[in-house]
Every structure is written in C-alpha cells, then in structure tokens.
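# Report on the structure
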Amino acid sequence: MTTRANAPSVSVLARRWLGENATFYLFAAPFAALTIVMGLWPIALSIQTSFTESYTALSPQPTYVGFANYIEVFGDPVFTKSAWLTLRYTVLAVVLNLVIALFYAMFLSSVLLSRGAWIFKLCCFLPVVTPDVAGYIVWKWMYSGDFGAVNAALTALGLPEFGGVSQVSTVTLAILIAEMWYHVGFYVVIFLANFAMLDRTLDEAAHLDKAGFWRKFTRVTLPQLRPAITINSIYALIQFLKTFTVVVVITKGGPGTATNFVSYYAYRQFDQAQYGTATAMATILFSVIMVLAFALYWYNQRRDWR
Amino acid sequence: MKLKALLAGTTLALGGSMAMAEELVIWHDLGDNGINWFAEAGEAFKKMHPDVTVKSVSFPTDQWYGKSIAALNTNTAPDLLYNNYERVIRVVDQTGKVMDLSDVFAGMADTGFLSEADLNVARYDGNMIILPVQRVQMGFGARKSWLEAVGEDFPETWEDVQRVSAKFIAEDPDGNGKDDTYGLALEAANPRDLIHMLDLYTFGAGLRHTLIDGAGEIVIDEPKHKQVLVEFLKTFTDYGYVSPDTVTHSFPEMYQVIEGGRAGMFRVGDWNVKKWDGADVLNGDFLVGEWPQHFDDVDNAVVIGGMRGVAVPDNAPNKDMAIEFAKFLLSVEAQQASLNNVGAAVRGDFALDGLSERRLVFAQPAHNLNAYDFPESVHAFYPELEADFHRELLEVLVDPQDDWGAYVDALAERMRAKRDSLK
C-alpha cells in the first residue's frame, strides 16, 4: 500500500520523461505513429525490396541479392538516358515555373491592379485544385494532331502547326506548358504571401535613392522573397524530379523514349514485375531528391541575397 | 433450455451451410464481356454444385500481371487465373506456383475438339499451365461504308491497303466535309503495343517469326521479313497512313480512333466483334478478313494470337473445386456462353444461329490461320531481347531513316550481338 501511495502518477512520469511539453507530445503521438506507418514504413519496405531478387520480392522469404539491382540499373543505358532526361526536364521546369510564378505574383500584388485581381488569382489557382488526370486528358485532346484546339487556333491565325506530343522536338515544351498550367498557381500563392509581408519602407527608401526598377527588384524585393523562393524551389524540385502523371496520361514515355522519365521508367519496370530494379530506381530517385533538396535549402539559407 | 437448444441448432445449421458454401474467385482481363460470361458459366456450374458461387474480377491487363504475381507469391491467390497463354507463362516464371494440369487434362474424356496445335500453346516447360478455353483470333477489318464511298472492295493485298489508305485520307470517306480521317489505326505508345502490331503484320503475311526463330537465328533481315518490317515502319513514317498521334497511342486511344470513326482499317479481335456490331459503336459497319497479302508465294492469314485459358494456382484457396470449374469451362454449355459473350471458343459443336457474318468469321473459320510462335516458351532470354527490339523500333519511329533496308540490316546485327550476350 505504501509503495502504491508513493508511486508517481502517469502524468508525472510522462512529464518527467518528456519535459514540460508532455501534453503536446501525447497529442502528437497518434500523428507521429501514422506518419511512421503510412509514410516511412512503405519507403523502408521499398528500399528493402530493392535488395531482393524480383521474382522473390513479394514472397514471404525473398532472396537478397545485395547491390545487384543497383548495378543492373546503373548499367542500363535506358536508365542513364532516362536520368538525364529527368534532370534536364527538372531544371527547365523549375526555372520556368518559378520565374513565371514570381512575375505573375508581382503583377497580382501590384497596387495598379487593385480591382479585378481576384479574377486573376482564381484563374491561376483553379488548376491546382483540379484533378490532375482530368486536366492532362484535356491537354492531350488540345494537343491532338487530328482535332486539337492548339493546332486549330494556330491554323486559324495562319501560323505553322505545333508538333505537340507527337514529335520529339516539341514534346518537352508541350508537357512543360501542361505542367505549368497545373502547378504555377501554387507557387504564385506562396509568392503572394511573401509579397504581402514585404517591408514597403525599404522600397520607398530605394525610391528616394533613385534606384531603378531592376536595382530595386534585385537588391530590395528579391532578398525579402527568400522564404518563398526557398519553399517554392525545393517543392518544385521534388515535384518535377518525380514527374509522372503527365507522362502516363499524355505521352506514355514517348514519342520514342523522349519523355521516359525515371518515375515512369520505374513504373514500367514495376508493371513488368521487375520489382527489384523498379524499387532500386525509385530509391536512387529518392536519394537524389533528398540530396538536391537539402543542398538547395542549405544554399538558400546561406546565400547573401543582398 | 429450449432457447439454448434452438440457438445451438441454429449455429450448427449456419456453420454447416457456411462450411459447405464455396466462392470461387477468378481473375481475368476480359472486361464486362468476361464478367457476363463467367456469371453465365457460374450459373450453369451451380446446377451441379449448388453451394458454389463463381465471382469473376476483371483487371486491366497490366494490373492483372502485377496483382496475379503478387498474390501467388504472397499466398493470397484467387482460385483461378484466366488470360492468354504467354501472360500465364510470365506468371509461372515469376512465381513457380501455377499448377501442372497435365493429369487433370488426361483424366478428361471430352477433349477431342482440341488439336495438337491448341495443346502446344497450353504447355510450358513440360507442364500444362492452362486448360485451353478460347482461341484468340485477330483479323483485318475495314469500314464497309468507307470502302463503298471510295469505290473499293475489301483490301486483299498490301498494295490494296496502300491504295485504300490514300483514298481514306484524301477522299473524306465519312462525308463530314473535314480532313480528319486516316487509313489505319495502330498503336505504338508502349513496347508491347508496338510489337503486337508488328506481330499482326508478320503472322498475317504468313511468316512464322517476328524476330527470332526456334533455332535462335535472328530473322528480321531475311528478305521477306525485312520487307514486312520496312512496310510496317513506313506505315507510321514515310506513308503517314496513321494519325501522327499514334506514337502516343495505346489500346484505349487506338479504340477511340476506330470507334470514333477516324480510321478506316484496323485490327479486329474476335472479342471486339460483339461490341462493334452494337448500334452505339460501329453498328456492324465493317468487314473482317485475312491480313493483307505481301507475297505471291506465301498465304496471308487471320492471326491466332494464342490461346486463352484457365490456370489454377498451386495455392488456390479452393483448389479442388477450382479444378472442377476449369474443366467445366470446356463443356458445351460454358463454351456456348463463351462464344455468345466473348466471341471465342475452342469447341464448334453447338448452335451458331443468329451470329453476324463478322462473328462467323471467327466462330466458323474458313480462312487461313497462322499462329504466333511464342519464342518466350523456347528461348529463356527472349523477353530481354524483345525489350531491346521494342526500344529500337520505338526510337526509329520518331527518327525516320532514308534507307530503311540498311537500318534493318544494322538492327539485325545489333539483335544478334544482344542475343549472344544474353545466351
């Protein structure tokens, strides 16, 4: 009885272990558990599968083959080409999306656009909340060489036809435009939030110092947009390195192998039950994304923006 | 006490009936037609096995592979798998858990309608991996009203196809006043799509191999093979008989082109005819025949793309009953239902009344038939070799060559080198 009476209560123990934030940790625990089960566990399983023989990957006792799948993937010229295509596309997409989003946000936050700004905001954000598959199906129809709206409009204007997704020379541009339509609204919203927090006195000071538009933009505005640029660039990098849906819906990796990006190639391998090599590709992509995202974050944090 | 006895009795009765009831689950990729067929066959099977219910689940073909392989490897298999022979081969290769049905087949009395050729495309690596249930036939189709509009008959030769294609493109055969029609509907988005079309050109022309023969020799630069392959590649490129978007078309897009009335000549599978006879689709406005003739001394044919059949996983939950249902699918009743719903069967000893002339082409074949060679069942390295071949063809479709003959010669050499590296 004496022992029971002197024993600390659960709440006291929890406070002792977790400190003063015990209540917070207790409330957060279910979500942490969910994150581990739903988020980290599949990643861990995927990495584990990448070290197994494909034929046995889903059996109760898979055969482990060490780095054989990784060696096979790095020796596969299709994967090498796919990796370069993915990187090239990512660079193009990140730069294009962020630049356009930045200037679009500048336009929307301009005092000259006091009326009607909500229409432009709505127009650019609507695609973000549209189901991506539905949006890309419409883009596919628009690009159709047979009855597409894009070529119909170009022809009506007396301009040459656009090769769209049927030609290697134009397919990258075609899916860049479709993806920009879908993603750019999100980046604009982040930039707009940052624009709302800008210190206008700095702008006025630069104006009094007779700084021109470009000088004000690069020395006053841009440094203050660092949080938005960091978030957007990291998000865009992750987004475009994983480009998948637009390829599945519109190009299926073609024409030829022109849009056979790593995510799609891994998916095709998975589809052919090559689980070992598919998950090895996915793990390589995951590692590249992690390294690049952290590098970008580190660079944006350290860089002197003034 | 009475209440307890009543409860005990009810529990026993329920438990007893639950123990007797069995649900056979079959996975296939035949869509609604297949679901209707299995439902009809299941009802007929129920007459002999009142406690057995048959439930079929249709997956898109790609998903069927992944799900089947995963399920067999994780001991969560369905009772039966239903698909094409070569697809079951891949499940066998990647699971090793498909039952050898040789003894089951040997014990069946009524199998005389199956030829040795039929049985050959049921065996793999010494085992009978499927009971063959439906021959897969694919003919060449052309829109009847379009042919009439341009003053042509059903194209018999490759020259006919070329001439008719040019007219379909230039002469507005659908009469809508727009320049929106093409000669042929093909598909080329995925490697398997492209090679499937090449198989049809090749076997339809009466040749016996697409890439490699039984002895392991690469055949694509042999004169006749080379001619067919070059014409196939030119169809997409130099000739422009297909929509430029075809390089991003898979099965669904190809069907949109056919059913949407944008191409006048196309593949017709035995399973397509019932749907296309329907008023809302092609309304029977098409003719079906052999694939075009390329050579005077080789007969063209309707292509037998293999055999669809039923396989029983080693780890099927209700294996004995699954075997019984597999055997039942070869009965007259189930075969009649198969023909009615899916458009294909292996038996012919039942009524064919009421079938359209297009369905009779497959149900009562009076034309040449030429079957796939299934090199994957002979050469273990074939899938990898074929994957390389696909990639080469996909690349060249968007990079047309000035000298296609020289390209095929060089491609053949690359395939030989690849074959040697894989052996």
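All residue numbers refer to position in the chain's written sequence, counted from 1. The naming scheme follows written order: chains are lettered A onward, ligands numbered 1 onward. Given that the model is predicted, a residue must reach a pLDDT of at least 70 before its local features are reported, and side-chain atom pairs must reach 80 or more before they are shown or counted; all residues, however, enter totals for whole chains, interfaces and linings. Derived side-chain values reflect all non-hydrogen atoms in the structure, with water molecules and hydrogen atoms excluded from consideration.

### Some thoughts on unusual backbone geometry
Inclusion rule: Elements are defined by DSSP. Helices are runs of H or I of four residues or more, strands are runs of E of two residues or more, and each kind is numbered from the N terminus.
Residues A:G254 and A:P255 are joined by a peptide bond in cis, for which omega reads 0 degrees. With respect to the helices, strands and loops of the structure, A:P255 is situated in the loop between α13 (245-251) and α14 (262-271). One non-glycine residue, B:N283, lies in the positive phi region at around 55 degrees. Among the secondary structure elements, B:N283 is positioned in the loop between α12 (273-277) and β9 (286-289). Its identity is not glycine, yet B:F374 carries a phi of approximately 50 degrees, on the positive side.

### Structural notes on the interface of chain A and chain B
We apply this condition: We call two residues contacting when some pair of their heavy atoms lies within 4.5 Å. A quick way to say it: buried area is the sum, across both parts, of accessible area lost when two parts are put together, with a 1.4 Å probe. A carboxyl oxygen of Asp or Glu within 4 Å of a side-chain nitrogen of Lys or Arg is what we treat as a salt bridge. We call two N or O atoms a polar contact when they sit within 3.5 Å, provided that within protein one can donate a hydrogen and the other can accept it, with sequence-adjacent residues counted only if both atoms are side-chain atoms. For this scheme, ten residues count as nonpolar: Ala, Val, Leu, Ile, Met, Phe, Trp, Tyr, Cys and Pro. Four count as charged, namely Asp, Glu, Lys and Arg, and the remainder, Gly too, count as polar.
Of the residues lining the interface, 28 residues belong to chain A; the matching set on chain B comes to 26 residues. Between chain A and chain B, a total of about 2,300 Å² is buried, with carbon and sulfur atoms accounting for 46% of that surface. Taken together, the connections running from chain A to chain B amount to three salt bridges. Among the salt bridges present, the one from B:E253 reaches A:K252, with a minimum N-O distance of 2.6 Å. The interface formed by chain A and chain B holds eight residue pairs in polar contact (both at pLDDT 80 or more) in total. Secondary structure elements with two or more residues in the side of chain A that touches chain B: α5 (77-109), α13 and α14 of chain A. Residue contributions to the side of chain A that touches chain B peak at four residues, all from α14(A). Classifying every residue of the side of chain A that touches chain B by side-chain character gives 13 nonpolar, nine polar and six charged.

### Some remarks on the domain arrangement of chain B
Residue and element names in this part refer to chain B. Worth spelling out the cut-off: The split of the chain into domains comes from an automatic or database domain assignment.
Domain boundaries in chain B define domain 1 (2-133 + 309-365) and domain 2 (138-304 + 375-422). Distance between the C-alpha centres of domain 1 and domain 2: 32 Å. Opposite the 15 residues of domain 1 that make contact, domain 2 presents 15 residues. Both faces considered, domain 1 and domain 2 share a buried interface measuring about 1,300 Å² in area, 60% of it formed by carbon and sulfur atoms. In terms of surface lost to domain 2, no three residues of domain 1 exceed R358, R359 and F362, which account for 45% of the buried area on that side. Taken together, the links from domain 1 to domain 2 amount to one salt bridge. Its salt-bridge partner being D277, residue R358 comes within 2.5 Å of it at the nearest N-O pair.

### Structural notes on the UniProt feature "domain: ABC transmembrane type-1" (unreviewed entry) in chain A
Just so we agree on the cut-off: UniProt positions are given in the numbering used here, feature names are shortened, and annotations may be inferred rather than shown by experiment.
Look at the UniProt record and you will see "domain: ABC transmembrane type-1" (unreviewed entry) annotated at residues 83-296 of chain A. For residues 83-296 of chain A, the end-to-end C-alpha separation is 19 Å, with 75% helix and 0% strand making up the annotated structure.

### Remarks on the packing of helix α10 (residues 200-208) of chain A against helix α11 (residues 213-224) of chain A
When two helices pack together, their arrangement is given by the angle between their axes and by how far apart the axes lie. All names here are of chain A. So the rule is basically this: Lines fitted to C-alpha atoms define the axes here, with helix axes fitted over just the stretch in contact, and angles between the N-to-C directions of these axes take values from 0 to 180 degrees. Here the angle decides the label: under 35 degrees means roughly parallel, over 145 means roughly antiparallel, 65 to 115 means roughly perpendicular, and every other value means oblique.
Orientation of α10 relative to α11, taken along the N-to-C sense of each, is 170 degrees, at an axis distance of 10 Å. Between α10 and α11, the interaxial angle falls into the category roughly antiparallel. Here α10 contributes L202, D203, A206 and H207 to the contact with α11, which in turn contributes K216, V220 and Q224.

### Considerations on the layout of surface pockets
All names here are of chain A. Threshold: Cavities and pockets were defined on a 1 Å grid built from protein atoms only: a cavity is a group of points that admits a 1.4 Å probe but offers it no way out, a pocket is an open group of points flanked by protein on both sides within 12 Å along at least five of seven lines, and a lining residue is one with an atom within 4 Å of any such point. Grid points are joined across faces, edges and corners, and a volume is the space filled by probe spheres set on the points.
Of the pockets and cavities examined, the second largest pocket occupies roughly 440 Å³. What lines the second largest pocket is a set of 20 residues, among which V94, V95, L98, I229 and S233 lie closest to the centre. Elements with a contribution of two residues or more to the lining of the second largest pocket: α5, α12 (226-241) and α15 (275-302). Of the residues forming the lining of the second largest pocket, the biggest block, nine residues, is contributed by α5. Looking at side-chain class alone, the lining of the second largest pocket contains 16 nonpolar, three polar and one charged residues.

### Quick word on the packing of aromatic side chains
To keep it simple, the criterion reads: The criterion for an aromatic pair is that two Phe, Tyr or Trp rings (for Trp, the six-membered ring) have centres within 6.5 Å, with stacked assigned to planes under 30 degrees apart, edge-to-face to planes over 60 apart and tilted to the rest. Here's how the labels work: a residue is buried when its accessible area is under 20% of the maximum for its type, exposed when over 50%, partly exposed in between, all with a 1.4 Å probe on protein chains only. For a Lys NZ or an Arg CZ to count as sitting over a ring, it must be within 6 Å of the ring centre and within 35 degrees of the ring normal.
Scanning all chains against the criterion turns up 48 aromatic pairs over all chains. Relative to A:F240, the ring of A:Y89 has its centre 6.4 Å away and its plane inclined at 75 degrees; by these criteria the two rings are edge-to-face. Residue A:Y89 is found in helix α5, and its partner A:F240 is found in helix α12; the two are separated by 151 residues along the sequence. Here the two residues A:Y89 and A:F240 agree in accessibility, since each one is buried. Above the face of the B:Y65 ring, B:R90 is positioned so that its terminal group lies 3.9 Å from the ring centre.

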